Amino acid sequence: MKVNIEKSWLKLLNKEFDKEYFNELICFVKNEYNKNVCYPPKNLIFSSFNNCKLDNLKVVIMGQDPYHGKDQANGLCFSVDSKIVNPPSLNNIFKEISNDLNCKIRKNGDLLDWSKQGVLLLNSVLTVEKGVPGSHSNKGWEIFTDNVIKLISNNKRDIVFMLWGGYSKKKEHLINEKNQLILKSGHPSPLSANRGHWFGNKHFSKCNDYLSERKLSLIKWC
């Protein structure tokens, strides 16, 4: 199946797009978008790949599924349009960055600038029905994104994987820890963060320290 995706990713994922499960998944997604309101907009489903070239990849941040509220999801995990009020989890991410890197708290919730710097903001499930969280789970997206993680781990070196919360931590077995850095913590959601499982993880400085040691350009998180 022909998928409109950035060419460096296409080369890595082309065989995946021809698999039976992926064709069944795309049929499901097309049907859902035709009969229901779904997010993100069709042209942004693969936005995490299209804005972060494989050759430039430095960091992978894993989310679960897209925001299911009106106009929130933009194809990048945790990210929202700059005109949208930041969700609580995103605000907690910005607070941790501010504390970790001693910078002003970021206000702009559109994380496109991170993506352009080499941060793959990848949800495990790439689509969702409006108002129904998890509605497109177990339809094939998880197979696809798990295989993406394995392909990255097997074909790239010195990638920082940030796994936040129990759901994302289950992806650890897909990653070759000898060649990559795995950073794990609680989820930035208020429930987890307020229990002490998020703040103080210092993932953003640890990431940049790792990149610096390998003489790679740092991520401007603030």
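Read on for an overview of the structure. (Residues numbered from 1 in each chain as written. Predicted model: local features only at pLDDT ≥ 70, side-chain atom pairs only at ≥ 80, totals over all residues. Heavy atoms only, no water.)

Remarks on the overall build of the chain
When its secondary structure is counted, the chain shows 9 helices and 6 strands. Taking 17 Å as the expected radius of gyration for a compact globule of 222 residues, we find that the chain reaches 17 Å, a close match to that expectation. With the principal axes as the frame, the chain shows a C-alpha extent of 45 × 35 × 25 Å. Mean positive and mean negative side-chain charge positions of the chain (33 and 22 charges, respectively) differ by 3 Å. (Helix = DSSP H or I, 4+ residues; strand = E, 2+ residues; numbered from the N terminus. Rg over C-alpha atoms; globule rule 2.2 N^0.38 Å. Lys, Arg positive; Asp, Glu negative; His and termini not counted. Charge placed at Lys NZ, Arg CZ, Asp CG, Glu CD.)

Focus on helix H9 (residues 203-213)
Among the residues of H9, those classed as buried are His203, Phe204, Ser205, Cys207, Asn208, Tyr210 and Leu211. Against the buried residues of H9 lie strand S2 (59-63), helix H4 (88-101), strand S5 (160-164) and strand S6 (181-185). Note on H9: the residue one or two positions beyond its end, Lys215, has a positive phi of about 55°. (Buried < 20%, exposed > 50% of the residue type's maximum accessible area, 1.4 Å probe, protein only. Contact = heavy atoms within 4.5 Å.)

Points about the environment of His136
With respect to the element layout, His136 can be found in the loop between strand S4 (128-129) and helix H6 (141-155). The sequence separation of His136 and Asp65 amounts to 71 residues, and the corresponding C-alpha distance is 8.4 Å. If we ignore the near neighbours within four places in the chain, the residues touching His136 are Phe28, Glu32, Cys38, Val125, Thr127, Val128, Glu129 and Trp141. A distance of 3.5 Å separates the side chain of His136 from the backbone nitrogen of Val128, its partner in a polar contact. (Polar contact = N/O pair within 3.5 Å; in protein donor to acceptor, adjacent residues only side chain to side chain.)

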